[in-house]
Amino acid sequence: QVHVVESGGGLVQAEGSLRLSCTASGRTFSIYGMGWFRQAPGKEREFVAAISRSTGNTYYADSVKVRFTISRDNVKNTVVLQMSSLTPEDTAVFYCAAGPTAAVVAGAYRHWGQGTQVTVSS
């Protein structure tokens, strides 16, 4: 069993920055990819960013490229999403996911956190 926990959400003003962390624990030997997804009210869950634990390759949604940076600490089984130049359109619940590969589709991930709220005020 793998347990995924996010932290770091909150309220921030537009153009501000926020740092989200995600830690996977348990049987993490099967985890080779971790990603972030988000879901805004009334919208479907969408891909934000992902990173491969082995290669460090990163993947970003076009809407966050340049503004967001994903990084990993394999020793701590932690992934960080550094977000900057935030806009009200970034307001959403952000979910961390872990799975056998870094992917841009939610179905590729087997383990999910409970989500952390990010609210950007104008």
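Look above for the structure.
All of the points below concern the structure found in this document.

Definitions and cut-offs
Residues numbered from 1 in each chain as written. Predicted model: local features only at pLDDT ≥ 70, side-chain atom pairs only at ≥ 80, totals over all residues. Heavy atoms only, no water. Helix = DSSP H or I, 4+ residues; strand = E, 2+ residues; numbered from the N terminus. Rg over C-alpha atoms; globule rule 2.2 N^0.38 Å. Buried < 20%, exposed > 50% of the residue type's maximum accessible area, 1.4 Å probe, protein only. Disulfide = S-S within 2.5 Å. Pairing = 2+ DSSP bridges. Axes fitted to C-alpha atoms, helices over the stretch in contact; angles between N-to-C directions. Phe/Tyr/Trp six-rings, centres within 6.5 Å; stacked < 30°, edge-to-face > 60°. Lys NZ or Arg CZ within 6 Å of the ring centre and 35° of its normal.

1. Description of the overall build of the protein
Thinking step 1. Looking only at helices and strands, one finds zero helices and eleven strands in the protein.
Thinking step 2. Along the protein, helices and strands appear, N-terminal first, in the series β-β-β-β-β-β-β-β-β-β-β.
Thinking step 3. On C-alpha atoms alone, the protein measures out to a radius of gyration of 13 Å, which is about the 14 Å that the 2.2 N^0.38 rule sets for 122 residues.
Thinking step 4. Each principal axis of the C-alpha distribution contributes one length, and for the protein these read about 40 × 25 × 20 Å.
Thinking step 5. Each of the 122 residues in the protein was classed as buried or not, and the buried ones make up 45%.

2. Some details on the state of the cysteines
Formally, a disulfide is one covalent bond, and it connects the sulfur atom of one cysteine to the sulfur atom of another.
Thinking step 1. Applying the stated criterion across every chain yields a total of one disulfide.
Thinking step 2. Through a disulfide, Cys22 is tied to Cys96; the S-S separation comes to 1.9 Å. Negative torsions about the S-S bond denote left-handed disulfides, and the value of about -80° found for Cys22 with Cys96 makes this one left-handed. Separated by 74 residues along the polypeptide, Cys22 in strand S3 (residues 18-26) and Cys96 in strand S9 (residues 92-99) bring together distant segments of the chain.
Thinking step 3. Relative accessible area serves as the criterion here: at 0%, Cys22 is assigned to the buried category.
Thinking step 4. Taking the relative accessible area as the measure of exposure, Cys96 reaches 0% and is therefore buried.

3. Notes on the sheet that holds S3
Thinking step 1. Spatially, four strands are ordered S1-S3-S8-S7 in an open sheet, and the strand pairing comes out antiparallel. Edge strands, defined here as strands with exactly one partner in the open sheet, are strand S1 (2-7) and strand S7 (68-73). Between one strand and the next, the sheet's axes are offset by a mean angle of 15°, whatever the strand orientation.
Thinking step 2. Note: S7 against strand S8 (residues 78-83), six bridges, orientation antiparallel. Looking across to S8, one finds that Thr69 is bridged to Gln82.

4. Examining the packing of aromatic side chains
Thinking step 1. Enumeration over the complete set of coordinates arrives at four aromatic pairs.
Thinking step 2. Centroid distance Phe37 to Phe47: 5.6 Å. Interplanar angle 70°. Geometry classified as edge-to-face. Here Phe47 lies in strand S5 (residues 46-52) and Phe37 lies in strand S4 (residues 33-39), a separation of ten residues in the sequence.
Thinking step 3. Residue class for Phe47 comes out buried when judged on its relative accessible area of 13%.
Thinking step 4. Each ring, one from Phe37 and one from Trp112, has its centre 5.2 Å from the other, and the planes form 55°; the classification is tilted. A residue pair is termed long-range when its members are at least 10 positions apart, and Phe37 in strand S4 and Trp112 in strand S10 (residues 111-112) qualify at 75 residues.
Thinking step 5. By relative accessible area, which is 27% here, Trp112 ends up partly exposed.
Thinking step 6. Over the face of the ring belonging to Tyr95 we find Arg45, whose NZ or CZ atom lies 3.8 Å from the ring centre.
Thinking step 7. Across the ring face of Trp112, the terminal group of Arg45 is positioned such that the distance to the ring centre comes to 4.9 Å.

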